[in-house]
Amino acid sequence: MNLPELDMAWLELPRDKAGFVRRECPRCQRSFKTRPSRHDAGMLQRLLAGYFPFENLHEAYTAEALPAWHCLYCGHRALPDAWLTPEQSAHVERMARAWANHVRYEQLAYVQRTLSQNPRPTFVSVAPEPLPRPLPPDEELLRTLPMVCCGDEVQAQWEWDQPMVCPRCGAHHGGLSGRQQVQLEFVRE
């Protein structure tokens, strides 16, 4: 099957100018941004598998287990696919359904391309609508803060001055004092 327009690069979480990806906590609904993770692709593949009807479902999932992430604000812990914003989640669903329509069309159009082998088809394939366009880049600027525990950076809401939790490892960080000082606090678990 030849589907050149079904390029996986079309499904990518939008980044802002600094390269951060927006995340939204499923519990407190606050948004923050992190750098793209190597687990984003596995998470998107897992979501697509839920919407796209695979014949070999076991081939749709990566062998690597996806780690749980933490909310920067409330510390809630969940798998990576729970951190999509409603707009990102809706886009993934639209894209998966559009890909499924394109694959279904190609399967049915195969009969039309091979009419000499089957001169009396019992159906007519109708071309699907074009694939959805990628989401636009994220424009909102948030405050960039270092997460010393993981050597990474996150972006938090400007008004947030409470303690924070590292989205990757769950380490607790003290609140900000005058937006200039970040205090790291290690907690044994």
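So, here is what we can say about the structure in this document. Note that the structure is a prediction, hence the values are computed from the model and not measured. (Residues numbered from 1 in each chain as written. Predicted model: local features only at pLDDT ≥ 70, side-chain atom pairs only at ≥ 80, totals over all residues. Heavy atoms only, no water.)

This paragraph deals with the overall build of the protein chain. What the protein chain contains, in helices and strands, is two helices and nine strands. Counting from the amino terminus, helix and strand elements in the protein chain follow one another as β-β-α-β-β-α-β-β-β-β-β. In the protein chain, which comprises 189 residues, the share counted as buried stands at 41%. (Helix = DSSP H or I, 4+ residues; strand = E, 2+ residues; numbered from the N terminus. Buried < 20%, exposed > 50% of the residue type's maximum accessible area, 1.4 Å probe, protein only.)

Here we take up the side chain of arginine 22. The residue arginine 22 is located in strand β1 (residues 21-24) in this model. There is a polar contact of 2.8 Å between the side chain of arginine 22 and the side chain of aspartate 138. Of the polar contacts made by the side chain of arginine 22, one reaches the side chain of glutamate 140; its length is 2.6 Å. When sequence neighbours within four positions are dropped, the list of residues in contact with arginine 22 reads Pro14, Ser31, Phe32, Lys33, Thr85, Gln88, Asp138, Glu140 and Leu142. (Polar contact = N/O pair within 3.5 Å; in protein donor to acceptor, adjacent residues only side chain to side chain. Contact = heavy atoms within 4.5 Å.)

What follows concerns the pattern of salt bridges. For side chains of opposite charge, pairing can occur when their charged atoms come near one another. Applying the stated criterion to the full structure yields eight salt bridges. Between arginine 23 and aspartate 40 there is a salt bridge, and its shortest N-O distance comes to 3.2 Å. You can see arginine 23 sitting in strand β1 and its partner aspartate 40 sitting in helix α1 (residues 40-51), a full 17 residues away along the chain. With relative accessibility at 1%, the residue arginine 23 sits in the buried group. On the accessibility criterion, aspartate 40 (8% relative accessible area) is buried. (Salt bridge = Lys/Arg side-chain N within 4 Å of Asp/Glu carboxyl O.)

Before going further, it helps to spend a moment on the nonpolar core. Looking at soluble globular proteins, one finds that nonpolar side chains tend to be buried together. With 18 residues, the main nonpolar core has Leu11, Met43, Val92 and Trp99 as its most contacted residues. Those elements that place two or more of their residues in this core are α1 and α2 (86-113). Per element, the largest residue contribution to this core is seven residues, and it comes from α2. Counting 16 residues, the second-largest nonpolar core is a separate cluster that includes Cys25, Phe32, Trp83 and Trp160. (Core = buried A, V, L, I, M, F, W, Y, C linked by side-chain atoms within 4.5 Å.)

Turning next to unusual backbone geometry. With glycine set apart, most residues show a phi of negative sign, and most peptide bonds adopt trans. Even without being a glycine, glutamine 29 presents a positive backbone phi close to 60°. By the element assignment, glutamine 29 lies in the loop between β1 and β2 (31-34).

Take the packing of α1 against α2 next. One way to put it is that α1 packs onto α2 with a least axis distance of 9 Å and a crossing angle of 55°. Relative to α2, α1 is oriented oblique. In the packing of α1 onto α2, the handedness of the crossing is right-handed. Across from Leu44, Leu47, Leu48 and Tyr51 in α1, the residues of α2 making contact are Val92, Glu93, Ala96, Arg97 and Trp99. (Axes fitted to C-alpha atoms, helices over the stretch in contact; angles between N-to-C directions. Parallel < 35°, antiparallel > 145°, perpendicular 65-115°, else oblique. Left-handed = near helix turned anticlockwise from the far one by under 90°.)

The sheet built from four strands is open, its strands ordered β1-β2-β6-β5 with antiparallel pairing. Where the open sheet ends on each side, the last strands, each with one partner, are β1 and β5 (143-147). Neighbour-to-neighbour, the strand axes of this sheet turn through a mean angle of 35°, independent of strand direction. Pairing geometry for β5 and strand β6 (residues 152-156), over five bridges, is antiparallel. Counterpart to leucine 145 in the pairing with β6 is valine 154. (Pairing = 2+ DSSP bridges.)

Turning our eyes to something else, we now look at the pairing of β5. Of the two faces of β5, only one is covered, namely that formed by Arg143, Leu145 and Met147; the face formed by Thr144 and Pro146 stays uncovered. Hairpin connection between β5 and β6: a loop of four residues separates the two successive antiparallel strands, and glycine 151 in this loop has a positive phi of roughly 70°.

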